Amino acid sequence: MSFYLVLTVNSITFGGLLFLLSAGFSLIFGLMRIPNLTHGSLFMIGAYVGASLVVGLVGAKLNFWLAALLATAVVAFVGALVERLLLRRLPGNEMAQVLVTLGLSFMAADFCLMVWGGDPLSVPTPAGLGGFVRLGVMVFPLYRLAIIAIAVAIAVALWLLLDRTRIGAMIRAGVDDPDMARVVGIRVSQLFTLVFALGAGLAGFAGIIGGPILSVYPGLDQDMLPLALVVVILGGSGSLLGSFVGSLIVGFIYNFGQALLPELAYFVLFLPMLLVLLMRPQGLFGRHVP
Amino acid sequence: MARKISRRTMMAGTAAGVAAAAFRFPTPAIAQAAPFKLGLLTVKTGPLAQGGIQMEQGVVTYLKEKGNKFGDRKVEFISADTGGNPAGTKTKVQELVERDKVDTILGPLAAFELLAITDYVAQHKTPMLSLAGAEDMTQRKPNPYFLRPSATSSQAMHPMADFAAKELKLKKVVTISEDFAFGYEQMGGFQQVFEDNGGRIVNKLWPPLVTPDYTPYIAQISDCDGVCQGFAGSNPLRFMKQYAAAGLKYPVVTGETGGDDALMTAFGDEALGMYSCCPYTLDLDTDSNKRFVAAMQKEYKTDPGFYAAGLYVAAAVVDAGLQKAGGKADDKEAFVKTLRSVDLKDTPRGPIKFDHLGNVIGDFFVRRVEKVNGKLVNKTVKTYHNVSQFWTYDEKKYLANPVYSRNYPPLKS
Amino acid sequence: MNARIISLVIAFLLLATVPLWAPGVYYVNVASQVLIYAVFALGLNILAGYGGLVSLGHAGLFGISCYATGYLLQAGFGHSFAIIGALVTGVAATAVFAVLSLRSTGIGFIMITLALGQILWGLAYRWISLTGGDNGINVKGRPEPFGYSLADVNHFYFATLVVFLIAIAMVAIFARSPLGAALMGTRDQPRRMNALGYHVLAIRFWACLFSGLLTACAGILFVYYTQFISPQTLSLTSSAEVLLMVISGGAGTLLGPVVGAALVVIVKTVVSGFIERWNFLLGAIFVAIVILMPEGLVPGSARLWRLATRRRAQKPAAAPEAKP
């Protein structure tokens with residue numbers, strides 16, 4: 001019994017981390033229809049930069065949350081640069097978008113190897129969250145529970161942004177009908193840069209927040225990108241609710257699937273993804289059929 | 001960062017060496033006058049780069065110490081990046097053998113890379129020394145041109161199991177390791193010796209190679225008094241963190257990669273008390289190890305681990321073999337036999353020699369992670385001498401069994 | 001027009017005489033690899049370039065024919081049987097692939113093929129009795145058609161060249177054929193094609209099979225070249241790599257995939273010997289291609305050539321049609 005409870009709680013916490021990871025991808029793909037295959041690299045860069053700040057590789061050791069904010073800002077800036085300099089020239093050119101985002105991910109991976117070397121970096125759990133919550137014989141790490149809180153907070157913040165602010169309205173207009181939006185005076189291209197930066201920043205944020213659980217190592221980008229893709233497919237892109245629910249679903253499938261069906265561990269994510277795609281190509285919550 | 005500068009220098013030196021080698025005209029080897037060409041197959045890009053970069057550091061350190069000479073003969077070092085996949089390894093070994101005409105090859109890193117080129121290497125009669133643990137290379141499908149100066153995948157786990165049963169008095173152990181051959185062979189070796197000493201493996205868990213979160217597996221660890229893990233690369237870091245985060249306190253034992261000295265700076269307090277058994281240990285008190293460690297720390301600002309030490313020792317073996325052969329390596333068959341007859345008394349891993357299948361017989365060290373002056377270190381607690389790939393088993397009986405796999409040895413119900 | 005024919009003849013002569021002018025046996029092997037990946041890329045281009053269906057799972061199909069060859073050889077069958085068996089298995093697998101993935105287009109298709117590729121990769125790891133797991137399968141020896149031993153490096157190169165020439169001829173004929181035109185029609189205007197009475201799904205299905213046939217040929221050549229097959233060959237990275245070859249060279253063109261294959265293979269094998277950070281360089285090259293020639297190297301170079309040879313300063317001609 002306690003085994004299932006542990007798995008359930010972990011599914012939710014892992015789902016929280018997945019939400020942070022995939023929200024950015026979903027946003028960018030939903031708005032700009034760009035499959036941002038650099039997403040995993042942005043996650044990794046955020047993790048490396050944040051870890052370096054926390055561990056004190058460049059100067060003094062920083063507070064974890066401060067480091068996370070700085071890392072997010074750095075990655076958001078990188079995202080903005082990428083959008084303005086590269087992606088802006090390729091509207092609708094899917095092949096070129098794939099080529100440039102993959103090319104950038106090669107560069108990013110090698111760059112991280114050059115700067116941080118091949119050895120993994122451990123990210124210490126932030127102060128105060130290193131303990132446990134005990135429930136009878138079960139033990140839940142505090143930090144993982146904190147991730148749920150963070151994921152919910154980010155989800156709410158994003159929802160408020162999209163639903164309650166002018167910028168959010170402009171973004172939604174840009175999603176639904178970019179040409180019309182331009183006609184009414186919305187600066188769609190600047191909006192795109194903003195959204196891409198936001199998506200990238202979310203990825204970087206997820207990287208450093210996930211650091212105490214996943215650590216940072218070469219290859220992290222390739223490990224995390226397929227997960228983001230699975231979440232976005234299952235939940236449907238462009239839908240915040242879809243991202244959130246998709247993350248939870250993937251969290252559950254991942255935990256229960258690996259624990260109860262170890263023979264199928266390699267397929268535990270892609271088989272359901274395939275089945276969903278066959279039955280509902282737009283994903284569970286997607287609005288338009290791709 | 002000072003670390004960056006020294007690696008850049010090393011890279012520049014390597015690139016210069018490679019460029020020089022590439023633009024050479026192939027000259028017929030005029031015995032001792034021509035330099036001895038030493039090739040290295042390693043991984044410098046991608047996820048396996050961690051071990052690969054260290055491998056090169058180990059060789060370069062040795063060459064520097066010897067002034068780029070093995071005895072009287074100058075050494076030309078050519079390093080090749082395989083990219084960590086078998087096709088790349090095949091291409092690079094062809095480059096080393098066909099284009100650069102190397103005399104001996106060190107590496108590759110991974111077992112699947114080694115298996116991809118074993119036939120080629122035997123065909124071209126090129127002696128090769130690798131750390132890759134693929135057991136059958138020196139057991140059921142031996143390659144006469146192959147030497148392994150480190151250990152087979154299970155060779156370090158046999159003494160670990162012995163220690164776990166006799167000293168730690170563990171009786172029921174859950175094994176957890178990655179779902180591939182290196183994992184199977186390590187855990188199989190542990191299981192065989194552990195169960196022969198009165199212990200029992202109660203469960204075997206095999207997370208896939210790419211598993212960001214081990215918690216679904218860690219949640220299954222129960223009903224035992226110890227855990228044996230066999231993770232490699234950066235996975236031990238993640239595993240120990242998630243293991244501790246799950247609140248588990250069973251003692252953890254592991255092998256050569258799970259407790260690698262090079263990872264000690266990255267581990268946190270969750271690794272305290274972990275036992276590992278490795279063919280190399282940082283605190284080995286021999287002259288050559290002290291020199292080796294000092295050189296690594298000076299040049300690369302890092303503590304060497306299993307990979308760097310393994311290649312340093314491999315280079316030492318080639319050096320000794322070449323000197324024993326009077327500086328001549330043209331007769332490949334004879335050279336390989338000479339290499340296998342090398343018997344070194346003082347290396348960073350202690351005394352070593354080779355068995356008739358080309359695998360090392362040497363010391364294995366059981367260490368425990370402790371905190372010294374605020375830093376985590378591996379402290380050697382026991383040394384097993386003269387360990388061969390067959391442990392205490394009779395060679396024929398051992399080879400009659402199938403190679404360790406996911407289901408062999410089977411779980412006792 | 002004449003320039004084109006002359007350059008094609010020169011290219012053919014150069015290719016046919018590689019063993020004579022290559023600076024060593026190693027470089028003949030590199031040439032073989034370029035041609036093998038060129039066939040693979042030509043196969044993917046049928047779907048991705050001419051059909052507009054980007055697949056991120058083609059390495060899985062490639063790997064199936066590799067494993068089929070390896071498995072049959074290991075089971076004791078001769079080379080001819082193994083090759084035919086691998087071709088049949090590869091095309092059959094492609095049919096299954098097609099049935100499952102052709103239900104969607106665009107990003108859905110990409111995702112389904114990604115999922116299928118990953119599932120095949122997982123199978124390669126776990127179905128140890130069939131595939132040997134990550135220890136892989138060693139392939140011993142190469143075919144000797146009529147006593148012409150392909151174990152010799154030059155002979156193998158010529159065999160690969162023959163397959164490559166046949167493949168590129170097939171693709172050229174396909175592109176000019178009604179089926180090819182119909183396929184490109186479904187890429188550009190699927191609804192209109194449907195309205196005109198074309199059976200879009202059937203057209204795509206046959207294109208997929210053709211793609212699978214070429215991919216299977218490339219796989220068989222590959223496994224005979226490396227003499228080894230392991231799950232790495234089916235990884236997502238491999239699928240991405242061949243897709244990059246197609247896109248960087250120029251999707252939907254005849255020579256684009258060939259140039260793209262040459263680029264990637266040469267950087268990976270030859271350049272990596274001189275430049276340690278070759279991965280970074282490769283990524284940078286891709287980014288540069290996107291900036292300078294987003295349509296790909298082959299169409300982009302053609303465009304720049306036309307611009308350069310224009311004498312009078314007039315505004316550049318409208319961008320070339322039909323090649324996205």
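See above for the structure.
Report on the accompanying structure. Small disclaimer: the values here were computed from a predicted structure and weren't measured.

### Considering the interface of chain B and chain A
Then, in step 1: Opposite the 36 residues of chain B that make contact, chain A presents 42 residues.
Then, in step 2: Summed over both sides, the interface of chain B with chain A buries roughly 3,100 Å², with 56% coming from carbon and sulfur.
Then, in step 3: Linking chain B to chain A there are two salt bridges.
Then, in step 4: Here Glu-263 of chain A ties to Arg-406 of chain B by a salt bridge, and the two come within 3.4 Å at their closest N and O atoms.
Then, in step 5: Breaking the side of chain B that touches chain A down by element, the ones donating at least two residues are helix 1 (2-22), helix 2 (49-65), helix 7 (215-218) and helix 8 (235-245) of chain B.

### Topic: the sheet that holds strand 5 (residues 128-129) of chain B
All names here are of chain B.
Then, in step 1: The strand order across the open sheet built from six strands is 2-3-1-4-5-6, with neighbouring strands paired in mixed fashion. Since the sheet does not close on itself, it has two edges, and those belong to strand 2 (69-70) and strand 6 (146-147), each with one partner.
Then, in step 2: Judged from the two bridges that link them, strand 2 and strand 3 (residues 73-81) form a sheet pairing that is antiparallel. In the sheet register, Phe-70 faces strand 3, and the bridge partner there is Arg-73.

### Observations concerning the interface of chain A and chain C
In many reports, interface size means the accessible area that the parts give up when they come together.
Then, in step 1: The interface is formed by 36 residues belonging to chain A together with 42 residues belonging to chain C.
Then, in step 2: Carbon and sulfur atoms make up 81% of the surface buried where chain A meets chain C, a total of about 3,700 Å² over both sides.
Then, in step 3: When the buried area of chain A at its contact with chain C is split by residue, Met-95, Leu-99 and Tyr-266 of chain A rank highest and sum to 19% of it.
Then, in step 4: In this structure, the connection of chain A to chain C is made through two salt bridges.
Then, in step 5: Seen at the junction of chain A and chain C, the total is five residue pairs in polar contact (both at pLDDT 80 or more).

### Examining the packing of helix 3 (residues 25-50) of chain C against helix 11 (residues 200-226) of chain C
All names here are of chain C.
Then, in step 1: Packing of helix 3 against helix 11 brings their axes to within 7 Å, and their N-to-C directions diverge by 165 degrees. Comparing their axes, helix 11 and helix 3 come out roughly antiparallel. The hand of the helix 3/helix 11 crossing is left-handed. Packed against helix 3, whose contacting residues are Asn-29, Ser-32, Gln-33, Ile-36, Tyr-37, Val-39, Phe-40, Leu-42, Gly-43, Leu-44, Ile-46 and Leu-47, the element helix 11 presents Ala-207, Cys-208, Phe-210, Ser-211, Leu-214, Thr-215, Cys-217, Ala-218, Leu-221, Phe-222 and Tyr-225 at the interface.
Then, in step 2: For the contact of helix 3 with helix 11, the residue count by class is 17 nonpolar, six polar and no charged.

### Here's the deal with the pairing of strand 11 (residues 275-278) of chain B
For a regular strand, side chains alternate in direction, first toward one face of the sheet and then toward the other.
Residue and element names in this part refer to chain B.
Then, in step 1: Across the two faces of strand 11 the burial is the same, with Tyr-275 and Cys-277 and Ser-276 and Cys-278 all buried.
Then, in step 2: In the sheet, strand 11 pairs with strand 14 (residues 360-372) via four bridges, with the strands oriented antiparallel. When the bridges of strand 14 are listed, Cys-277 appears paired with Val-366.

### Focus: the side chain of Asn-235 of chain B
Then, in step 1: Positionally, Asn-235 of chain B belongs in helix 8.
Then, in step 2: Once you skip the residues sitting within four places of it in the chain, Asn-235 of chain B turns out to touch Glu-178, Leu-209 and Tyr-214 of chain B.

### A closer look at the packing of aromatic side chains
Then, in step 1: Counted according to the given criterion, the structure contains 42 aromatic pairs over all chains.
Then, in step 2: Ring centres of Phe-3 of chain A and Tyr-4 of chain A lie 5.5 Å apart, and the angle between their planes is 65 degrees; on these two criteria the pair is classed as edge-to-face.
Then, in step 3: With relative accessibility at 22%, the residue Phe-3 of chain A sits in the partly exposed group.
Then, in step 4: Seen from their ring centres, Phe-163 of chain B and Tyr-275 of chain B are 5.5 Å apart, and the 45 degrees between their planes marks the pair as tilted. Of this pair, Phe-163 of chain B sits in helix 5 (residues 157-166) while Tyr-275 of chain B sits in strand 11, and the two are 112 residues apart along the sequence.
Then, in step 5: Judged by relative accessible area, Phe-163 of chain B falls into the buried class, the value being 5%.
Then, in step 6: The class for Tyr-275 of chain B is buried, based on a relative accessible area of 11%.
Then, in step 7: Taken together, the aromatic side chains of Phe-36, Tyr-62, Phe-70, Tyr-280, Phe-292, Tyr-312 and Phe-335 of chain B make up a single cluster linked through ring pairs.
Then, in step 8: A cation over an aromatic ring shows up here: Arg-33 of chain A above the ring of Phe-29 of chain A, its NZ or CZ 4.7 Å from the ring centre.

Rules of the game
Residues numbered from 1 in each chain as written. Chains lettered and ligands numbered in written order. Predicted model: local features only at pLDDT ≥ 70, side-chain atom pairs only at ≥ 80, totals over all residues. Heavy atoms only, no water. Contact = heavy atoms within 4.5 Å. Buried area = accessible area lost by both parts, 1.4 Å probe. Salt bridge = Lys/Arg side-chain N within 4 Å of Asp/Glu carboxyl O. Helix = DSSP H or I, 4+ residues; strand = E, 2+ residues; numbered from the N terminus. Pairing = 2+ DSSP bridges. Polar contact = N/O pair within 3.5 Å; in protein donor to acceptor, adjacent residues only side chain to side chain. Axes fitted to C-alpha atoms, helices over the stretch in contact; angles between N-to-C directions. Parallel < 35°, antiparallel > 145°, perpendicular 65-115°, else oblique. Left-handed = near helix turned anticlockwise from the far one by under 90°. Nonpolar A, V, L, I, M, F, W, Y, C, P; charged D, E, K, R; others polar. Buried < 20%, exposed > 50% of the residue type's maximum accessible area, 1.4 Å probe, protein only. Phe/Tyr/Trp six-rings, centres within 6.5 Å; stacked < 30°, edge-to-face > 60°. Lys NZ or Arg CZ within 6 Å of the ring centre and 35° of its normal.

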